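Inside the fold
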Amino acid sequence: MNTDAIKELLYKMADDLLIIGHRNSEWTGLGPILEEDIAFSSMAQDKLGHAQALFQLLQELGEAAPDTVAFNRSAEKFHSAQFLELPNGDYDFSLIRHFLFDTADQLRFESLASSSYAPITKVAQKIKGELKYHVFHANTWIVKLGKANEESHARMQTALNQAWNYALGMFEKSKYEDALIADGIFIGEDALKTQWLKQVNTILEKATLKLPAETEWKPVYGGRIGNHTEHLISLVDEMGEVFRIEPSADW
Amino acid sequence: MFTEAQIWEALEVVKDPEIPTLSMVDMGIITKIEIRDKDTVFVEMTPTFAGCPAIKMMEKSVAERLQEIGIQNPLVVTTFDKPWDSNKITARGLSCLKKHGLAPPIKHVGEITEELLTNVICPFCGSENTELKSPFGPTLCRSLHYCNNCLQAFEGFKPVV
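A brief structural summary. In this text, all values refer to a predicted model and were calculated from it rather than measured experimentally.

**What about the pattern of salt bridges?**
All names here are of chain A. Tallied over the entire structure, the rule returns 27 salt bridges over all chains. The partner of Glu 189 in a salt bridge is Lys 12, with the nearest N and O atoms 2.5 Å apart. With Glu 189 in helix H9 (residues 189–206) and Lys 12 in helix H1 (residues 3–25), this pair connects stretches of sequence that are 177 residues apart. Residue classification places Glu 189 among the buried positions, given a relative accessible area of 0%. Overall, the relative accessible area of 4% leaves Lys 12 in the buried class. Put simply, Arg 155 and Glu 151 hold a salt bridge, and the shortest N to O gap is 3.1 Å. Here Arg 155 pairs with Glu 151, and both are found in helix H7 (residues 150–168), just four residues apart, close to one helical turn. Under the relative-accessibility criterion, Glu 151 is labelled exposed at 51%.

**Some thoughts on the interface of chain A and chain B**
Every contact between the two is made by 20 residues of chain A and, on the other side, 25 residues of chain B. When the two sides are added together, the surface that chain A and chain B hide from each other amounts to roughly 2,100 Å², 68% of it contributed by carbon and sulfur. Contact with chain B buries area across many residues of chain A, yet Lys126(A), Tyr133(A) and Phe136(A) alone supply 37% of it, more than any other trio. Our enumeration of links across chain A and chain B arrives at two salt bridges. For Glu111(B), the salt bridge identified is with Lys132(A), shortest N-O distance 2.7 Å. Inspection of the region where chain A meets chain B yields six residue pairs in polar contact (both at pLDDT 80 or more). Contributing elements (two or more residues each) for the side of chain A that touches chain B: helix H2 (34–60) and helix H6 (118–148) of chain A. In the side of chain A that touches chain B, the residues fall into seven nonpolar, seven polar and six charged.

**Examining the packing of aromatic side chains**
Applying the stated criterion to the full structure yields eight aromatic pairs over all chains. Ring geometry for Trp27(A) against Phe40(A): centres 6.5 Å apart, planes inclined by 55°, an arrangement best described as tilted. You can see Trp27(A) sitting in the loop between H1 and H2 and its partner Phe40(A) sitting in helix H2, a full 13 residues away along the chain. For Phe40(A), a relative accessible area of 1% corresponds to the buried category. Note that Lys144(A) overlies the ring of Trp141(A), its terminal NZ or CZ placed 4.7 Å from the centroid. Over the face of the ring belonging to Tyr133(A) we find Lys158(B), whose NZ or CZ atom lies 4.7 Å from the ring centre.

The rules behind these values
- Residues numbered from 1 in each chain as written.
- Chains lettered and ligands numbered in written order.
- Predicted model: local features only at pLDDT ≥ 70, side-chain atom pairs only at ≥ 80, totals over all residues.
- Heavy atoms only, no water.
- Salt bridge = Lys/Arg side-chain N within 4 Å of Asp/Glu carboxyl O.
- Helix = DSSP H or I, 4+ residues; strand = E, 2+ residues; numbered from the N terminus.
- Buried < 20%, exposed > 50% of the residue type's maximum accessible area, 1.4 Å probe, protein only.
- Contact = heavy atoms within 4.5 Å.
- Buried area = accessible area lost by both parts, 1.4 Å probe.
- Polar contact = N/O pair within 3.5 Å; in protein donor to acceptor, adjacent residues only side chain to side chain.
- Nonpolar A, V, L, I, M, F, W, Y, C, P; charged D, E, K, R; others polar.
- Phe/Tyr/Trp six-rings, centres within 6.5 Å; stacked < 30°, edge-to-face > 60°.
- Lys NZ or Arg CZ within 6 Å of the ring centre and 35° of its normal.

Structure follows, in structure tokens:
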């Protein structure tokens, strides 16, 4: 078993979930309507739960306890894609990011539900069922706002254009990519991206939204190896603020 | 020494902290009970949702109940070994949900489809003329619905595979 490869896979997934979970929670109290405030708050709670389950697997592989890993690392130690650290922006951008990320997240967990690494299989089987609701929520709003009126369509299209290259950055390959595929642990980022593009396209067509031309596709890589924007630094500072006041406190 | 059946029965008084009419046994989240010796009982639980904030509280309630009936060394663990799904709620559990004003989850056949959420039966008037307002409600396991027949908003317990 290639422990380093598994750890890297778990870290990037857990960090994506922790960071998007934090961003989702920033809508608590500020959502445009009550139901959406509740939806983003609920998804925040789900994402943190999923991150915690993965951090626990990392702890079983010898890493520090979940709270310490989540709240006591500096930004450059995070393996999350830059896409997830970007500020929430307007609701259109948050919805587009939610749609692009959760479609990928669901496909990732669906593929891991048949991984050769048993501990992750069990967690993935559980999580993929919960993610149905996240994708269902995202698809509903993307289609609704894509077609509602001129302004909503234009806003969603602009948000999609802004998000796209960052979203492609989620599929940055690991240096362990070949080993993970050969050992049957993970199908690999390329295969995942192919599935993702297909599903994303199906929904965008229903929403009458268009992907940027393929010649414009320039994936924003770097997050997986610790290169981040200034947005992650302030996010991490805020997220760990209470924990760092008294690291030995028992919650 | 207790039998396994006695422990199952003893745990029926431990309720779900978010739905106080429903026992954890009927909820289907207790997945295994093992009698190790006269003082040691092992209980395995699994959360309804991975991010369920009540899980630590429920572990504690189970341990306290076991101590109450005289088991000095209760061992309670939470795992995903046998993951929860909504078909694991017992028939009594489903009727408890309804009594609490929550539409019980429709039995799934291995797949959650939109149809399972769109025409949920109203727990107040029994009408199928209802609509989904949001797949997210006041707790992770609930959704929001509206009944066009009795003009009442209600919550549903989500089907989960």
